[in-house]
Amino acid sequence: MSRKKIALIGGGQIGSILALLIAQKELGDVVILDRPEVADPMKGKALDMMALRPHGGYDVNLSGTGDYADIEGADVIVITAGLPRKPGMTRDDLLEINLGIIATVAENIKKHAPNAFVILTTNPLDAMVYAFYKQAGMPKERVVGMAGALDSGRFEAFVAMETGLSTEDVSAIVLGGHGPTMIPMVRTATVAGVPLDALLSKEQIDKIADRTREAGTEVVKLLGNGSAYNSPAASCCEMVEAYLKDKKRVISSAALCEGEYGIDGYFMGVPCVIGAGGIEKILEFELTAEEQAMFDTTLEAVVSTVKETGL
Ligand code: TXD
């Protein structure tokens, strides 16, 4: 039985941590691909992680490359290629340059690994996943954007921090676009089934929701150079694992909606069932009038960024 092959397109901050997380979980062999100019540093990173194996207790192989031929037949691909934000930049400021990068990546995946499950993280996420989908010509079940997993995780982390309770017991989801219009779903969030408003005041809950919406920017400001990478890598890893192990996890992800939540033809952060079939299903539930209004606002933001791609 051969191992699964996981290709990481982009071996920067997220790509590097993700390679290590995937290896530690032995989800498959990892190929880290980056620009040809940095093929050697990628080989160096991979070799360093190969040398970590005796300490890490894993046996998968890691390799670095600048050549797309090496991703041939990959089962899963995670795209992080692109520029990250610098302080003062919005995610949308990255659009033009990352759009060009995604076009090249799409063309190469189409050629070398058309059967892969593709997870994209590059910002502005909602537009980049749309652009990739339009250009790669792959089925919608196998193209997804990672954002909701991260945003939901941030929401859960802040609830745990504010209540002093275990993150393991917090269950919360963030829907919508990956930007300031995202929707932390306060109404459905619980700690082991106990609703948030039984544990926190309205002011505390509002503060957590606001902090969740701005969590990426908070990290960008503090880091001073680049954006969050540990939690995004862990979020990608969760999605890779759900697919390869056919776990049927319910993870908020940017999936192509065709009628779900009244959206037609756009990728939007919605609760997705991830299993061996990729995005197997989008779970729908009724929103309150207030939530629906927030959904309309986030959809407007996504549509306007997508329009800028000209695709
Ligand atoms: O929730 C989310 N979706 C996100 C997304 C959370 C955090 C960061 N998010 C975005 O992911 C971020 O705004 C970036 O657009 C990507 C990757 O973030 P990362 O922090 O990993 O950026 P790095 O460290 O700059 O890594 C990007 C790598 C770098 O090594 C470049 O050399 C490489 O991408 N790169 C390329 N690889 C292959 N091919 C091409 N053309 C290419 N161009 C750049």
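Under an unreviewed UniProt entry, the protein chain has the name Malate dehydrogenase and belongs to uncultured organism.

### Some thoughts on the pattern of salt bridges
Taken as a whole and assessed by the stated rule, the structure comprises 14 salt bridges. Of the charged contacts, one joins Arg3 and Asp29 as a salt bridge, the two residues approaching to 2.9 Å between their closest N and O atoms. Of the two residues, Arg3 is situated in the segment before strand E1 (5-9) and Asp29 in strand E2 (residues 29-33); the sequence distance between them amounts to 26 residues. The salt bridge partner of Glu291 is Arg187, with a shortest N-O separation of 2.7 Å. Separated by 104 residues along the polypeptide, Glu291 in helix H10 (residues 289-308) and Arg187 in the loop between strand E9 (183-184) and strand E10 (190-191) bring together distant segments of the chain. Residue Glu291 is classed as buried on the basis of its relative accessible area of 7%. Overall, the relative accessible area of 44% leaves Arg187 in the partly exposed class. Overlapping salt bridges bring together Lys25, Glu241 and Lys245 as one network.

### Regarding the sheet that holds strand E11 (residues 194-195)
Here we have three strands laid out as an open sheet, ordered E7-E10-E11, and antiparallel in their pairing. Every interior strand has two partners, whereas the edge strands, strand E7 (170-171) and E11, have only one. Bridging between E10 and E11 involves two bridges; their strand directions are antiparallel. Paired with Val191 across the strands is Val194, a residue of E11.

### Considering the side chain of Ser235
Within the secondary structure layout, Ser235 lies in helix H9 (residues 230-244). On the basis of relative accessible area, Ser235 is assigned to the buried category, the value being 6%. Leaving out residues up to four positions away in the same chain, Ser235 has contacts with Met146, Ala149 and Leu150.

### Some points on the UniProt feature "domain: Lactate/malate dehydrogenase N-terminal" (unreviewed entry) in the protein chain
When the UniProt feature table is mapped to this numbering, "domain: Lactate/malate dehydrogenase N-terminal" (unreviewed entry) covers residues 5-145. Note that residues 5-145 is 42% helix and 18% strand, and that its end C-alpha atoms are spaced 20 Å apart.

### Observations concerning the environment of Tyr58
Inspection of the secondary structure puts Tyr58 in the loop between helix H3 (53-56) and strand E3 (62-65). Assessed through its relative accessible area of 1%, Tyr58 is described here as buried. Residues Tyr58 and Glu26, 32 residues apart in the sequence, show an inter-C-alpha distance of 6.3 Å. Beyond its immediate chain neighbours, meaning those up to four positions away, Tyr58 contacts Leu20, Ala23, Gln24, Glu26, Met49, Leu52 and Arg53. Among the polar contacts listed, one links the side chain of Tyr58 to the backbone oxygen of Met49, at a separation of 2.9 Å.

### Brief notes about the site of the ligand
Taken together, the neighbourhood of the ligand is formed by 26 residues, with Gln13, Ile14, Asp34, Thr121 and Met146 sitting nearest. Measuring from an oxygen atom of the ligand, one finds a backbone N or O atom of Gly12 at 3.4 Å. Here Asn123 contributes a side-chain N or O atom positioned 3.1 Å from an oxygen atom of the ligand. Protein burial of the ligand: of its 860 Å² of free accessible surface, 89% is covered by the chains. Every element with two or more residues in the shell around the ligand is listed here: helix H1 (13-24) and helix H4 (95-112). Split by residue class, the shell around the ligand holds 12 nonpolar, 12 polar and two charged. Residues lining the shell around the ligand come from more than one domain, with at least three contributed by each of domain 1 (5-145) and domain 2 (148-309).

Analysis parameters
Residues numbered from 1 in each chain as written. Predicted model: local features only at pLDDT ≥ 70, side-chain atom pairs only at ≥ 80, totals over all residues. Heavy atoms only, no water. Salt bridge = Lys/Arg side-chain N within 4 Å of Asp/Glu carboxyl O. Helix = DSSP H or I, 4+ residues; strand = E, 2+ residues; numbered from the N terminus. Buried < 20%, exposed > 50% of the residue type's maximum accessible area, 1.4 Å probe, protein only. Pairing = 2+ DSSP bridges. Contact = heavy atoms within 4.5 Å. UniProt positions renumbered as here; feature names shortened; annotations may be inferred. Polar contact = N/O pair within 3.5 Å; in protein donor to acceptor, adjacent residues only side chain to side chain. Near = heavy atom within 4 Å. Areas by Shrake-Rupley, 256 points an atom, 1.4 Å probe, with all protein chains shown as cover. Nonpolar A, V, L, I, M, F, W, Y, C, P; charged D, E, K, R; others polar. Domains from an automatic or database assignment.

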